[in-house]
Each structure stands twice: as structure tokens, then as C-alpha cells.
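# Observations on the three-dimensional arrangement
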Amino acid sequence: MIETMKNKFITILFILLTLMVSGLLFNDNVWFDETYTLALVRHSYGEMTDILRSDMHPPLYFAGLKLFCSIWGYDIIITKLYSLLGFVMLLSLGWLIVKKDYGKKTAIFYLLIIGIIPMSFYFAVQQRCYSWSMFFVTWCFLEGMRLLRSPKWQTAILFAITALCAAYNHIYALVAAAGVVISINICILFKYQKEWKKILTADALMILGYAGWLGTLLTQTRQASQNFWLSSLETNSLIILALSIPLFALLLCQQKTLSESRKCLIKSGIFTIMFVHMTGFGISLLICPLYIARYASPLLGIFALVTAVELAHHIKGKILIPCLLLVCIIEYGITASFEYNPSLRNFRNEFDTVCSPEDIFIYCDSSFGIMSYYYPDHTHICTYYEPWFDAFENVEYVTADHLDAILSTDQQIWLVINEKKELPKWIIQKFHCRQTLSFQCDFNRFTVWKLQVISPLQKTSP
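Read on for an overview of the structure. (Residues numbered from 1 in each chain as written. Predicted model: local features only at pLDDT ≥ 70, side-chain atom pairs only at ≥ 80, totals over all residues. Heavy atoms only, no water.)

This paragraph deals with the nonpolar core. In this structure, Tyr-110, Phe-159 and Phe-351 are the most contacted members of the largest nonpolar core, which totals 151 residues. What Tyr-110 contacts, discounting residues up to four positions off in sequence, is Leu-90, Leu-91, Leu-93, Gly-94, Val-98, Thr-138, Gly-301, Ala-304, Leu-305 and Ala-308. Of all hydrophobic cores here, the second largest spans 17 residues; its members include Cys-364, Leu-415, Ile-427 and Val-453. (Core = buried A, V, L, I, M, F, W, Y, C linked by side-chain atoms within 4.5 Å. Buried < 20%, exposed > 50% of the residue type's maximum accessible area, 1.4 Å probe, protein only. Contact = heavy atoms within 4.5 Å.)

See the structure below:
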């Protein structure tokens, strides 16, 4: 009777979380990285891959999204739905694999922990590769654990395939998959030596499968080390590391009564998480800052699984499960209020009354992605250029020195800029500037300035 109730609760919880996150689909607030995705998938597969080679992204997520959109359309709800499917697949791992391998109670905690982790719902509908990276990394980890418990050739091959899918989704999903593979190899080396043929076969498949992109990865890393936008270690990533260390120390101290398979899972999970953190911070300290908190998102499922195994063994759950469910609902409410922030919509309603089709937009930061998405038929001029900006077909790239040749005093010109960035000196020298509006988009706030070209007579008058 109790087991039947647990089964029903897992199903209800899975459906509830799916319905909750589905409620985040119906808004059209997008930020720069998402507009990059939306612009990129409009290109052919060949053009898309060429652009990605100049960026820091592998191609699998974008290729999958383009295929999905080619069937269902390029509407913003469709692109969000593709990310949502990745998150639902992450949840389904708890419903299908975690429940079977580690018990119903563990599956319940797994689902709830995914729901209560800050930003998990946020990543679920981001038009980026995070939800699919979380799914593939977690699935890879679960298959690795299965390979240790019940070594089969099909498990070894599936382990290799899921690792490759993770690696081709995001660079830090690649690092996470590498952490999983290293931990599984170590376990087999010291405890399951007779299965070395299977793990070596899986290793060979992974190496061969990624070899074609390895050269591109090295080129991308070299390019990023020269011009990546991050200038210092991000505070949030340091906070996550600071919180992780004592938590993992506590988890390691509490596993004396666990079975060997669960001990192995916890140790491998902690190793993988810390491997990603240490790799990210190591690269940031030795080369340049290339690690921010959201790059740890592929680890979300592994963290949920490791914590769920501990809680299921030590906690009865009669009080904790309702509390976690309440926190989950609160987290969802916070995310929903963020996703449905009316600031951008209100700005567009007001701005539309003063903007005309002949107006020109000028940018000196990434705000060009947002505005060129919402106002695709206007003239958009960005004063700096990166090769991956080629994704945006309706943006021109003109240096500040050459603006005089294309702008006149009778044009209505707008500058949109992140409020954290000061107006460049060349803007003040070339234009009369008047701040008009502002809006919130994702975690950034932007100000809108109305510009008027300073005529030569005005420049030379005393």
C-alpha cells in the first residue's frame, strides 16, 4: 500500500513540476544570449556551424533546436518549448531510472531537490543549452553508475553516447562529462578490473566521437582567452564553491551506513562537481576568467541525485517532503515573477509611440541583440564587432570614427546601453544626449538615450 502511494506521488510530482515549468513558456522577454540563439538558428546548418566555430559553443543544442523549429516553427514559444523538453527529460530520469536503481524515496527527493534549487526553473525555459546539458550530464552519470553495478556492453555504449551528447552541448557539460568518465575509470581500475574492456571501449568511442571538434575547441579557448567578456572571477561562482565544500564534507561524513554502490555514487558525484569547479577556476586563474555560476548548471541533476541518496537513507521524509514541496512552489513563484516581469513590455508599449520606422539605433554593448530582435526592420548599428556577431543579419557594424559619414543632423537616433556602462566619450563628443526611458531585461537594466548629431558649426562655435 505504501509503495503504491509512493509510486503515485512520484507520478503526481513529475506531472506537477512539468505543469509548473510549462507555465513559464508564455512570455516574450528575451535577453542577449537568447536573441543570439534565435538569430543563429535562422541560418543554414553549415552557416550555423561556421559561426559557432568562432564562438565558445559546440553545435548539438543549436542543431537540435533548428531541426525542432523547422518542424514546428520559429515562434518564441516553440524555442522555449525545446528547452522545456530538456528539463522534462531531466525530471523523467528520476521517474524512470532513479526510482528503479535507487528506490522510490530517492526519486521523490531527486525531483523535489531539482525543484528547490535556485534558478532551476529559470534554466528550464532559457533558450540556451542549459536544460539539455543538465539532462545529458545526469543521464551519463546514471549510466556510469549502472556500468559499475551491472556491467553490460550496451550500458558501456550508452555511457559513451550520453557523454558525447553532453560534450557537444556546452563546454562545461564537456568538463562535467569528463569528470564522470574519470571517476568511473578510477572505480573500475581499483574495484572492477575485470570490466576494463568495456570501459576502454567506451573511452575509445568518446575520444573518436569528439576528435572532430577538438581542434575547434582549442581554437575557441585560445580566442576566448584573448577577448572573453568576463574581466574577473564572478562572485556567484565563488559563493557556490564556498557553500559546496562544507556541504560535501558533511555528506562524506554521513555515508558510513550506506551500501557500497551508494557510497560510490556519492563519491563520484562529489568528484565530478568539484572537478568542474576546479577546472573552471583553474582556467580562470591560469589563463583568464572563463567561469561563471551558470556554467555549473549542467551539474544540477548530479547534485540533486547525490543529495537525494543521502536524504533518502537518513531522513524519514514525513515532514521534510512537504517542506521541500512548499519551497519548490515558492521558488517557482519567484521565477514566474521574474520571467513575467512587465518592464520590457511596458517599455516597448511606450517606446512605440515615439519611435518611427526611419529611426536609427546605435550600440556600444550587447544591447543590440535585444533591440534588433524586437525591432527587426529598423537600422541597427553596432560600433564593435566579433566574428560570431554574424548570427545577427539585421545589424551593421561601423566603428565610431566612421559614423559621421552615415548619420545626419535631421535623423532620429537612439542609443541603448546597459546602465552599468558609462556613456563613451565619443558619444558625448558627437551627439547631444538626452536620457528618455529605461527597462529591465533578465538581470540587466538598460537606459535609452535620444541622440542628435552635433553639427560642424556647433562643434566649432565658442
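Below, the discussion takes up the packing of aromatic side chains. Under the counting rule described, the total for this entry stands at 47 aromatic pairs. The aromatic ring of Tyr-45 is capped on one face by Lys-66, whose charged end is 5.6 Å from the ring centroid. (Phe/Tyr/Trp six-rings, centres within 6.5 Å; stacked < 30°, edge-to-face > 60°. Lys NZ or Arg CZ within 6 Å of the ring centre and 35° of its normal.)

This brings us to the pattern of salt bridges. The final tally for this structure, using the stated rule, is 7 salt bridges. Residue Arg-294 is joined to Asp-33 by a salt bridge in which the shortest nitrogen-to-oxygen separation is 3.3 Å. Of this pair, Arg-294 sits in the loop between helix H13 (260-286) and helix H14 (300-314) while Asp-33 sits in helix H2 (residues 32-40); the two residues are 261 residues apart in sequence, bridging distant segments of the chain. Look at Arg-294 and you get partly exposed, because its relative accessible area is 21%. Note that Glu-143 is salt-bridged to Arg-146, the shortest N-O span being 3.9 Å. Pair noted here: Glu-143 and Arg-146 are both in helix H8 (residues 130-149), with a separation of 3 residues, about one helical turn. Assessed through its relative accessible area of 3%, Glu-143 is described here as buried. (Salt bridge = Lys/Arg side-chain N within 4 Å of Asp/Glu carboxyl O. Helix = DSSP H or I, 4+ residues; strand = E, 2+ residues; numbered from the N terminus.)

Turning our attention to the packing of helix H4 (residues 60-72) against helix H5 (residues 76-102). For the pair H4 and H5, the least separation of the axes is 10 Å and the interaxial angle reads 125°. By the angle between their directions, the pair H4 and H5 is classed as oblique. Relative to H5, the crossing made by H4 is right-handed. When H4 is examined against H5, the residues Tyr-61, Gly-64, Leu-65, Phe-68, Cys-69 and Trp-72 are found in contact with a partner set consisting of Ile-78, Thr-79, Leu-81, Tyr-82, Ser-83 and Leu-85. Of the residues that constitute the contact of H4 with H5, the class distribution is 9 nonpolar, 3 polar and no charged. (Axes fitted to C-alpha atoms, helices over the stretch in contact; angles between N-to-C directions. Parallel < 35°, antiparallel > 145°, perpendicular 65-115°, else oblique. Left-handed = near helix turned anticlockwise from the far one by under 90°. Nonpolar A, V, L, I, M, F, W, Y, C, P; charged D, E, K, R; others polar.)

With that settled, consider the pairing of strand S1 (residues 360-363). Residues Ile-360 and Ile-362 line one face of S1 and the alternating positions Phe-361 and Tyr-363 line the opposite face, and both faces are buried. Note: S1 against strand S2 (residues 379-382), 4 bridges, orientation parallel. By the bridge assignment for S2, Tyr-363 is matched with Cys-382. (Pairing = 2+ DSSP bridges.)

With that settled, consider the side chain of Asn-169. The topology assignment puts Asn-169 in the loop between helix H9 (153-167) and helix H10 (171-191). Classification of Asn-169 as buried rests on a relative accessible area of 2%. The residues touching Asn-169, leaving out its near neighbours within four places in the chain, are Pro-58, Leu-60, Tyr-61, Cys-129, Trp-132, Ser-133 and Phe-136.

On to the sheet that holds S2, then. Here 6 strands make up an open sheet; going across it, the order is S3-S2-S1-S4-S6-S5 and the pairing mixed. At either end of the open sheet lies a strand with only one pairing partner, and these are strand S3 (395-397) and strand S5 (431-441). On average, each strand axis in the sheet is tilted by 25° relative to the strand beside it, whichever way the strands run. With 3 bridges connecting them, S2 and S3 associate as parallel partners. Its bridge partner being in S3, Cys-382 is matched across the sheet by Tyr-397. Across the sheet, helix H16 (residues 343-351) touches S1, strand S4 (413-418), S5 and strand S6 (444-453), and the angle it forms with S5 is around 140°.

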